[in-house]
Amino acid sequence: MNTETTLALEKQPLSPEAITSRVQANALENEAIYILREVAAQFERPVLLFSGGKDSITLVRLAQKAFYPARIPFPLLHIDTGHNFPETIAFRDELVNELGVELIVRNVQDSIDQGKVVEETGKYASRNTLQTTTLLDAIEEFKFDACIGGARRDEEKARAKERIFSVRDDFGQWDEKNQRPELFDMLNGNIEIGQNVRVFPISNWTELDVWSYIQKEGIDIPSIYFAHERETFLRDGLIWSAQDDIVFRAEDEEVESRWVRFRTVGDMSCTAAVESHADTIDKVVAEIRDSKISERGARIDDKRSEAAMEKRKQQGYF
Amino acid sequence: MEVLKIATAGSVDDGKSTLIGRLLYDTKSLTEDKLEAIRKSSEKKGYDYLDFSLATDGLVAEREQGITIDVAHIYFSTPTRSYIIADTPGHVEYTRNMVTGASTSQVAIILIDARKGVIEQTYRHFFINNLLRVKDVIVAVNKMDLVGYSEEIFNDIRENFELLNEKSTYGEQRLNYIPVSALKGDNVAARSENMPWYEGETLLEHLEKLEIADVSDKSKFRFPVQTVIRPKTEEFHDFRGYAGKIYGGDLKVGDEVTVLPSLKTSRIKEIFFFDQTFDKAGAGSSVTLTLEDEINITRGDMLVKTDELPRVEKEINAIVCWMDNKQLRPGTKYIVQHNTNSVLSKIDVIRNNIATDFSGVLEANNQLGLNEIGEVQIKLSKPIFYDDYTENRSNGAFILIDAHTNATAGVGFING
């Protein structure tokens, strides 16, 4: 994005009273607010894809900042796999209530019942990829032309190529070889009927940037992000939730109680925990800073193959 | 924390991805699982070293062909600052990607293969960084291990590059030369023991100490209105705020401003950032402004300080870099997107084609093809409020959008 964003950081020393009265937003925050405002101005029916995870919670805070004192001018859409952590759902409802924004929920279970998708079976069964169908249906149902998501370029190699405004065709497909160039901070939101744009305002944030922002802003996040005791089992060197109704567990995979927290909150069947005693935001930030494993290293869905994410994205995944 | 945006450019085989991978590795930014994946991949290919290029080459097609085909963004940080690298490919046909990468960067790293020296590609990369006024250019002479870490070869390359620099029209550009071996790690983060003759900074040292420079430091306050905020709640019943990002200089409460295009004037009443008000705001801040007087303002309008009016014209001259397969021809219509303003335009004259290797102006053939650069005169259906690109990067650039395909077909740098 624009080179000028860094200039928000003051370089000259200021008198004490001047410091308190000068806007001191950081470059990434300014950029994200700018992008959210472009979405509101350029599109008819934008929506914010809300998963209840830390990235989408951060997006909600940024949207509040972008439009204050007006309300967030678009609804939130949650694609519910039915396998979410209950803590996330409770948190979602509370947040929506507090902000007074519209929440739309569409269920993967409905897509299964309608025969549009087939539940996966076996050891690694997950509803994660099934979400795509439910999402595309919701986009069509509400005629959304811009879907704001919390994806970040540092998460994964294929995402590193993603634009801020990423055009999807009628089938939600991403044509990675034919992307629009994005120059300076100019965002081209012109699309044809039937197309939609995926918008990623925190593209340039790293995992640590998000956590530091949550810390600095004092943003509430679901309790599963903090260390807690949980029934778990080990598979492929990862810690899985022992939630037998949702996550497949073989007989020889022994349940053990461990102190864990989650770094990413997806579908319960594809999100592994990390051992941790970090029970406050300060401790979590310190832990992330020293971490030697990437965030998506605990996402089982990405381990399927080296090109797993790219393939899912071409099919219309978030 | 400060963010430094870097664009890397280089030819297919000069080791750009390896250099970036090396920077990530040496700054301990590669996590264990990523490193493990690189180890496995390198072993599978039968290498006896770690193939760091695998850390950045993201797309399947790239892994198959072993080349980089699009702009990838890579992130790393040190205790000093955060870095964002826009890794752009160096093939001739991807000039548009290099321009894109340079447009969002404050620093460029141009890689040269020590065995090959300054080649046509180098000219092109340097030209684009000149054209886009990227203030800091680092010339990294790579693969020094393959030329016996020869001081003589490094000096020859530097001299050749300096000859090129004499043709530059951008005198304030800062050039630095560093001999490196990305593969072996010489002078990337660690000082090379193989090149005791080099007394300058390592690449990372240089990046850490670099003063983040920007032409906008000196430029004027420009505020393109993105959207008007009207809460219509009881508490903020008459609130009318103008949301946007500040380009150029500072703004403070009480400043007299002129609204374009209406030319109405007022004073800044409040500067909001979220739910707080401030006395001052600087370039880059995404703020909401209120004015003392009620004036009809919509998206696309611009607030400027009354004694610093920009140019307001319906006809502009610009250097255009063309990015579409369909050629640019006189008489065709495009949407000009300039800041938050979208205006229908007609291409009037294509004056010339500019060679990207500093050899000068080519014969005008009245069209611009993909990846070609030329001087173009454009007629607009409504005036835009602009500065020359050399004075304000953000307010002097625009994109051309094909009204039929919606593609971003080109970028222009206004020069009159």
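Residues numbered from 1 in each chain as written. Chains lettered and ligands numbered in written order. Predicted model: local features only at pLDDT ≥ 70, side-chain atom pairs only at ≥ 80, totals over all residues. Heavy atoms only, no water.

The name given to chain B in an unreviewed UniProt entry is sulfate adenylyltransferase, and the organism recorded there is Poritiphilus flavus.

Novice: Would you mind going over the overall build of chain A with me for this structure?
Specialist: Across its full length, chain A holds nine helices and 10 strands. Residue burial in chain A is summarised as follows: out of 318 residues, 62% are buried. Considering only contacts within chain A whose residues lie at least 6 apart along the sequence, 72% involve residues at least 24 apart. Per element, the accessible surface of chain A, about 12300 Å² overall, is 48% carbon and sulfur. (Helix = DSSP H or I, 4+ residues; strand = E, 2+ residues; numbered from the N terminus. Buried < 20%, exposed > 50% of the residue type's maximum accessible area, 1.4 Å probe, protein only. Contact = heavy atoms within 4.5 Å. Areas by Shrake-Rupley, 256 points an atom, 1.4 Å probe, with all protein chains shown as cover.)

Novice: Mind showing me how you'd approach the packing of helix 2 (residues 27-42) of chain A against helix 3 (residues 54-67) of chain A here?
Specialist: Angle between the axes and distance between the axes: these two values describe a pair of packed helices. Residue and element names in this part refer to chain A. Running from N to C, helix 2 and helix 3 point in directions that differ by 75 degrees, and their axes come no closer than 9 Å. Taken together, helix 2 and helix 3 sit at an angle that is classed as roughly perpendicular. Contact residues: Glu-29, Ala-32, Ile-33, Leu-36, Arg-37 and Ala-40 in helix 2; Leu-59, Leu-62, Ala-63, Lys-65, Ala-66 and Phe-67 in helix 3. The class makeup of the residues in the contact of helix 2 with helix 3 is nine nonpolar, no polar and three charged. (Axes fitted to C-alpha atoms, helices over the stretch in contact; angles between N-to-C directions. Parallel < 35°, antiparallel > 145°, perpendicular 65-115°, else oblique. Nonpolar A, V, L, I, M, F, W, Y, C, P; charged D, E, K, R; others polar.)

Novice: What exactly am I supposed to notice about the pattern of salt bridges here?
Specialist: Think of it this way: side chains of opposite charge can pair up when their charged atoms draw near. Applying the stated criterion to the full structure yields 40 salt bridges over all chains. Note that Arg-22 of chain A and Asp-250 of chain B form a salt bridge whose closest N and O atoms lie 3.2 Å from each other. Of this pair, Arg-22 of chain A sits in the loop between helix 1 (16-20) and helix 2 while Asp-250 of chain B is found in the loop between strand 8 (241-245) and strand 9 (251-252), placing the two residues in two different chains. We note a salt bridge from Arg-106 of chain A to Glu-141 of chain A, for which the minimum N-O separation is 2.8 Å. Here Arg-106 of chain A, found in strand 3 (residues 103-107), pairs with Glu-141 of chain A, found in helix 6 (residues 131-142); they are 35 residues apart in sequence, far enough to count as distant. Accessibility expressed as a relative area gives 26% for Arg-106 of chain A, which makes it partly exposed. Judged by its relative accessible area of 46%, Glu-141 of chain A is partly exposed. One continuous salt-bridge network, built from bridges that share partners, spans Glu-29, Arg-61, Lys-65, Lys-216 and Glu-217 of chain A. (Salt bridge = Lys/Arg side-chain N within 4 Å of Asp/Glu carboxyl O.)

Novice: Just to check I follow, could you spell out the sheet that holds strand 7 (residues 228-235) of chain A for this structure?
Specialist: Where strands meet in a sheet, backbone hydrogen bonds hold them as pairs that are either parallel or antiparallel. Judged by pairing direction, the sheet is antiparallel, and its four strands sit side by side in the order 8-7-9-10 (chain A) without closing on themselves. On the outer flanks of this sheet lie strand 8 (238-241) and strand 10 (274-275) of chain A, each paired with one strand and no other. (Pairing = 2+ DSSP bridges.)

Novice: What is the right way to look at the pairing of strand 5 (residues 136-142) of chain B in this model?
Specialist: All names here are of chain B. In terms of burial, strand 5 is a largely internal element, seven of the seven residues being buried. Taking every second residue as pointing to the same face, both faces of strand 5 are buried, with Asp-136, Ile-138, Ala-140 and Asn-142 on one and Val-137, Val-139 and Val-141 on the other. In this fold, the crossover linking strand 4 (residues 107-113) to strand 5 by way of helix 5 (residues 120-131) has right-handed handedness. Sheet topology note: the strand 5/strand 6 (residues 174-179) ladder contains six bridges and is parallel. (Right-handed = clockwise from strand over helix to strand, strands pointing away.)

Novice: Where do I start with the side chain of Arg-124 of chain B in this structure?
Specialist: Along the chain, Arg-124 of chain B turns up in helix 5. Within the structure, Arg-124 of chain B has its side chain in polar contact with the side chain of Glu-120 of chain B (distance 2.8 Å). (Polar contact = N/O pair within 3.5 Å; in protein donor to acceptor, adjacent residues only side chain to side chain.)

Novice: Just to check I follow, could you spell out helix 4 (residues 86-99) of chain A for this structure?
Specialist: Because the α-helix completes a turn every 3.6 residues, residues three or four places apart line up on one side. Residue and element names in this part refer to chain A. Spanning 14 residues, helix 4 covers 20 Å between terminal C-alpha atoms, matching the ideal 20 Å at 1.5 Å per step. For helix 4, every residue scored as buried is listed here: Thr-88, Ile-89, Phe-91, Arg-92, Leu-95, Val-96 and Leu-99. Projected onto a plane normal to the axis of helix 4, the buried residues spread over an arc of 160 degrees and lie on a single side. Exposed residues pointing more than 90 degrees away from the buried face of helix 4 are listed as Pro-86, Glu-94, Asn-97 and Glu-98. The elements touched by buried residues of helix 4 are helix 3, strand 2 (76-80) and strand 3. Of the residues one or two after helix 4, Gly-100 is the one with positive phi, at around 70 degrees. (Expected span 1.5 Å × (residues − 1). Arc of directions from axis to C-beta.)

Novice: Got a minute to help me understand the confidence of the model for chain A in this structure?
Specialist: The predicted coordinates ought not to be read in detail in places where the model reports low pLDDT. Residues and elements named next belong to chain A. The pLDDT averaged across chain A works out to 84; a share of 85% of its residues lies at or above 70. Model confidence for chain A, summarised as mean pLDDT per element, is weakest for helix 1 at 47 and strongest for strand 1 (residues 46-49) at 98. Note that pLDDT drops below 50 for residues 1-19; the model gives that stretch 60 contacts with residues more than four away or on any other chain. (pLDDT = per-residue confidence, 0-100.)

Novice: Would you explain the environment of Arg-235 of chain A in this entry?
Specialist: Residue and element names in this part refer to chain A. Looking at the secondary structure, you find Arg-235 in strand 7. With relative accessibility at 3%, the residue Arg-235 sits in the buried group. Placed 14 residues apart in sequence, Arg-235 and Arg-249 show a C-alpha to C-alpha distance of 9.1 Å. Arg-235 has contacts with Lys-123, Tyr-124, Trp-240, Phe-248, Arg-249, Ala-250 and Glu-253, leaving out every residue within four places of it along the chain. In terms of polar contacts, Arg-235 uses its side chain to reach the backbone carbonyl oxygen of Phe-248, at 2.7 Å.

Novice: Looking at this structure, how should I read the packing of aromatic side chains?
Specialist: Scanning all chains against the criterion turns up 25 aromatic pairs over all chains. Ring centres 6.2 Å apart and planes at 70 degrees place the aromatic pair Phe-184 of chain A and Phe-413 of chain B in the edge-to-face group. Taken together, the residues span two chains, with Phe-184 of chain A in the loop between strand 5 (165-168) and strand 6 (196-199) and Phe-413 of chain B in strand 22 (residues 408-414). Phe-413 of chain B carries the same exposure label as Phe-184 of chain A, and that label is buried. Arranged with centres 5.1 Å apart and planes meeting at 85 degrees, the rings of Trp-205 of chain A and Tyr-213 of chain A form a pair that is edge-to-face. Summarising the burial analysis for this pair, Trp-205 of chain A and Tyr-213 of chain A share the class buried. (Phe/Tyr/Trp six-rings, centres within 6.5 Å; stacked < 30°, edge-to-face > 60°.)

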